[in-house]
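A look at the structure
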Amino acid sequence: MPQLIEPSPALHASWLAARAEWEALGTEDGAGRHLVPEQGLDTAEGFRLWTEALREQETNPVGGYVPATHRWIVEDGVFLGAIDLRHRLNGFLLEAGGHIGYSVRPSARGRSVATWALGEMLKEARARGIDQVLITCDEDNEASARVAEHQGAVLEDVRDTVLGRKCRFWIALDD
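Now for a quick tour of the structure. (Residues numbered from 1 in each chain as written. Predicted model: local features only at pLDDT ≥ 70, side-chain atom pairs only at ≥ 80, totals over all residues. Heavy atoms only, no water.)

A count of helical and extended segments in the protein gives 5 helices and 7 strands. In sequence order, the protein lays out its α and β elements as β-α-α-β-β-α-β-α-β-α-β-β. Taken over C-alpha atoms, the radius of gyration comes to 15 Å for the protein, in line with the 16 Å a tight globule of 175 residues would show. Summarising its shape, the C-alpha atoms of the protein cover approximately 40 × 35 × 35 Å along the three principal directions. (Helix = DSSP H or I, 4+ residues; strand = E, 2+ residues; numbered from the N terminus. Rg over C-alpha atoms; globule rule 2.2 N^0.38 Å.)

Below is the structure:
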């Protein structure tokens, strides 16, 4: 059974293996990598600093970023993916990024891991008093759209953004 955990330096090797899977497909998982771009994530120290920055963003965001909760999807000590909850939207997030972003390594896809993780993160959003959540995905990312729809998302529109053409979904969080 998967679980959501705080980012941990202990998962360095597993995270590197997941990164290699994404790179083999010519894609890149975001999951907060922008927080310490100057640090080499291949090194134990750089990775530790990055996981620390991810945990710190929840209460002490830097560089103009909004507070966010970062969680890793893990099963039996293996990094399967990541999910992030931004506690509020700024202009960029309202246009293109949304409240929640998620990614699952290619070898763990097709098991409803993202759908489960999104359901768990929606509980966190509700507990934080967020009454509706925006989720965006690339127009051609049907799997991500299905994940959002499985959790009750309603498509608002598809629009051109600074990140390309995005589908914008809203999920109402009723008590």
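Right, let's get into the sheet that holds strand S6 (residues 154-161). Two orientations exist for strands paired in a sheet by backbone hydrogen bonds: parallel and antiparallel. Read across the open sheet, the 3 strands follow the order S5-S7-S6; overall the sheet is antiparallel. One side of each edge strand has no neighbouring strand; the edge strands of this open sheet are strand S5 (132-138) and S6. Taken pair by pair, the neighbouring strands of this sheet meet at an average axis angle of 25°, ignoring direction. Sheet topology note: the S5/strand S7 (residues 164-172) ladder contains 7 bridges and is antiparallel. Each residue of the ladder has a partner; that of Leu134, found in S7, is Trp170. Docked against the sheet, helix H5 (residues 142-150) engages S5 and S7, running at close to 15° with respect to S7. (Pairing = 2+ DSSP bridges. Axes fitted to C-alpha atoms, helices over the stretch in contact; angles between N-to-C directions. Contact = heavy atoms within 4.5 Å.)

Our next topic: the pattern of salt bridges. Counted under the stated rule, the structure contains 16 salt bridges. A salt bridge links Glu124 to Arg128, with the nearest nitrogen and oxygen atoms 2.8 Å apart. Look at the salt bridges and you will find they share partners, linking Glu58, Arg71, Glu124 and Arg128 into a network. (Salt bridge = Lys/Arg side-chain N within 4 Å of Asp/Glu carboxyl O.)

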